[in-house]
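A look at the structure
The lines below spell out each chain.
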There are 2 protein chains.
Amino acid sequence: MTVRPLPSTTVARLPGYLRSLGGLASEGAHTVSSDQLADLVGVSPAQLRKDLSYLGAGGRRGVGYEVDGLRRQIAQVLGMTEERRLVIVGIGNLGHALATYSGFADRSFELVGLVDTDPAVVGTTVAGHVVRHASELEQVVAEGAATIAILTTPASAAQQTADRLVAAGVSGILNFAPRTVRVPDDVEVREVDLGSELQIVAFHARRLSAEN
Amino acid sequence: MTVRPLPSTTVARLPGYLRSLGGLASEGAHTVSSDQLADLVGVSPAQLRKDLSYLGAGGRRGVGYEVDGLRRQIAQVLGMTEERRLVIVGIGNLGHALATYSGFADRSFELVGLVDTDPAVVGTTVAGHVVRHASELEQVVAEGAATIAILTTPASAAQQTADRLVAAGVSGILNFAPRTVRVPDDVEVREVDLGSELQIVAFHARRLSAEN
DNA sequence: ATATGTGAACCTGTTCACAGCT
DNA sequence: AGCTGTGAACAGGTTCACATAT
């Protein structure tokens, strides 16, 4: 029902807002001003108000935003009202860490399957799921009715695995493999390369240090 | 010697360029055109050329860019000519995965210390390093002369740990803890929240699915 | 002929500043 | 008085299109 599409930068900030609102709620706060919340999240108050205005979040002038109402509204926009089912492909160290990561269930993601190729890993139980062989990828996706996949394979297997995930009907992929994967326009991919992130931090850190 | 400061979006893309160039080099390619490389990385050719022009990367018209030269140039800009020392604070599943992540050494990061509070973890050896207790954080940073830290503590410990890292002289922090940390202006922080990343993917995936 | 380098146009997102509610 | 909501100004980054070099 949102008429105007949300700026993607706004979308990217919403999970952070939700996180901070959760903290406020657990502290018993009923309302919060844009100044307070912005400070908590680390954005400018104007930015926050603009973002919330896209949602049509009704803050009350002179008062602020109602914490619970805002939480519900953001959760709704982020699609958390429906359960999203998730598979993880590649149960190495990172895949294992992600499988046992508690932050997903809190965000209404349900882990429905784990897949790997390593015979030493296939058949073991991780996070309550028996790891299935990659040859069964399509069945795992279908049986679990997964719509989202986390890709933590080696770079060499990433594109091929992504192709199979797409063919199996997945509509979103979070790719940790250090290789860009190409997918059709109707599938969303988000690339997260941990090595790149570290390089970006290091670049800016060095620049800052050099300035003094 | 870079006169114009690089746009931060350009900096964020450089590691990806470098990665693809490494692939090309190992395939024996000597030169590469902006069309080829852009396609490989997943950006537009104009974008790539503009980025490289900031570096003063001398491509030859009618030919393209020299693969090895470009690699060296980007590596230099990213500060890879000097070794950067790294500590990881919080050796849970994610910290463990990052400690054993091979992608860091390739990028001229040297892991010099691991820290945790859990008595079950302190004293164990991970990735060739004995995990030290968090009370020794300052010594670990000093002994290793670390300039960069990866933060993978629980949210509750994140800010306090960041403060101590900054006081110990770290100039860059890659924060995986699901809480924004505040640092002085002369320290670089990059927030990576895996739960948020998944929510962002899911949002766009749902939007794309709904369109058909 | 082919492919780079780049000013200019364009677009997206951020900040400002103040009108408008409560 | 206090705080939101938002048009307008601004900033930053991307794309275009073509001059330029090999």
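All figures in this text were calculated on a predicted structure; none of them were measured in a lab.

1. Notes on the relation of the copies chain B and chain A
Mapping chain B onto chain A is achieved by rotating through 180 degrees and translating by 0.0 Å along the same axis, at an RMSD of 0.0 Å. Taken together, the rotation and translation describe the operation of a two-fold axis. Mapped onto chain A, 100% of the interface residues of chain B are again interface residues, and the two copies thus contact each other with one and the same surface.

2. Points about the nonpolar core
A:Ile150 and B:Ile150 are the most contacted members of the largest nonpolar core, which totals 48 residues. Ignoring sequence-local partners within four residues, the contact set of B:Ile150 consists of A:Leu198, B:Leu86, B:Val87, B:Ile88, B:Val89, B:Leu98, B:Phe104, B:Leu174 and B:Phe176.

3. A few points about the protein's contact with DNA strand C
As a matter of local geometry, DNA strand C sits amid 23 residues, with A:Arg13, A:Arg61, B:Ser34, B:Gly59 and B:Tyr65 nearest to it. Contact between DNA strand C and A:Gln47: a phosphate oxygen at 3.1 Å from a side-chain N or O atom of the residue. Among the residues forming the surface near DNA strand C, the class breakdown is four nonpolar, eleven polar and eight charged.

4. Observations regarding the interface of chain B and chain A
Opposite the 63 residues of chain B that make contact, chain A presents 63 residues. Contact between chain B and chain A buries roughly 5,400 Å² in total, counting both sides, with carbon and sulfur atoms accounting for 63%. The largest contributions to the chain B side of the interface with chain A come from B:Arg19, B:Leu198 and B:Gln199, which together make up 13% of the buried area. Linking chain B to chain A there are ten salt bridges. Applying the counting rule to chain B against chain A returns 20 residue pairs in polar contact (both at pLDDT 80 or more). At 15 residues, helix H9 (residues 194–210) of chain B tops the list of elements feeding residues into the side of chain B that touches chain A. Grouping the amino acids of the side of chain B that touches chain A by side-chain chemistry returns 33 nonpolar, 16 polar and 14 charged.

5. Focus: the protein's contact with DNA strand D
A:Ser34, A:Gly59, A:Gly62, A:Tyr65 and B:Arg61 are the nearest of the 23 residues found near DNA strand D. In the interface set of DNA strand D, defined as its atoms within 4 Å of the protein, sugar plus phosphate atoms amount to 64%. Contact distances for DNA strand D include 2.5 Å between a phosphate oxygen and a side-chain N or O atom of A:Ser34. Between DNA strand D and B:Ser44, the relevant distance is 3.2 Å, taken from a phosphate oxygen to a side-chain nitrogen or oxygen of the residue. Elements supplying a minimum of two residues to the surface near DNA strand D: helix H3 (45–55) of chain A together with helix H1 (8–26) and helix H3 (45–55) of chain B. Looking at side-chain class alone, the surface near DNA strand D contains four nonpolar, eleven polar and eight charged residues.

6. Some words on the sheet that holds strand E4 (residues 109–116) of chain B
Residues and elements named next belong to chain B. Pairing is parallel across the open sheet formed by six strands, whose spatial order is E7-E4-E3-E8-E9-E10. The sheet is open, and its two borders are formed by strand E7 (132–133) and strand E10 (188–191), each paired with just one other strand. Bridge analysis of strand E3 (residues 84–89) against E4 gives six bridges, and the strand direction is parallel. Bridging across to E4, Val89 finds its partner in Val115.

Definitions and cut-offs
- Residues numbered from 1 in each chain as written.
- Chains lettered and ligands numbered in written order.
- Predicted model: local features only at pLDDT ≥ 70, side-chain atom pairs only at ≥ 80, totals over all residues.
- Heavy atoms only, no water.
- Least-squares fit on C-alpha atoms with pLDDT ≥ 70 in both.
- Contact = heavy atoms within 4.5 Å.
- Core = buried A, V, L, I, M, F, W, Y, C linked by side-chain atoms within 4.5 Å.
- Buried < 20%, exposed > 50% of the residue type's maximum accessible area, 1.4 Å probe, protein only.
- Near = heavy atom within 4 Å.
- Polar contact = N/O pair within 3.5 Å; in protein donor to acceptor, adjacent residues only side chain to side chain.
- Nonpolar A, V, L, I, M, F, W, Y, C, P; charged D, E, K, R; others polar.
- Buried area = accessible area lost by both parts, 1.4 Å probe.
- Salt bridge = Lys/Arg side-chain N within 4 Å of Asp/Glu carboxyl O.
- Helix = DSSP H or I, 4+ residues; strand = E, 2+ residues; numbered from the N terminus.
- Pairing = 2+ DSSP bridges.

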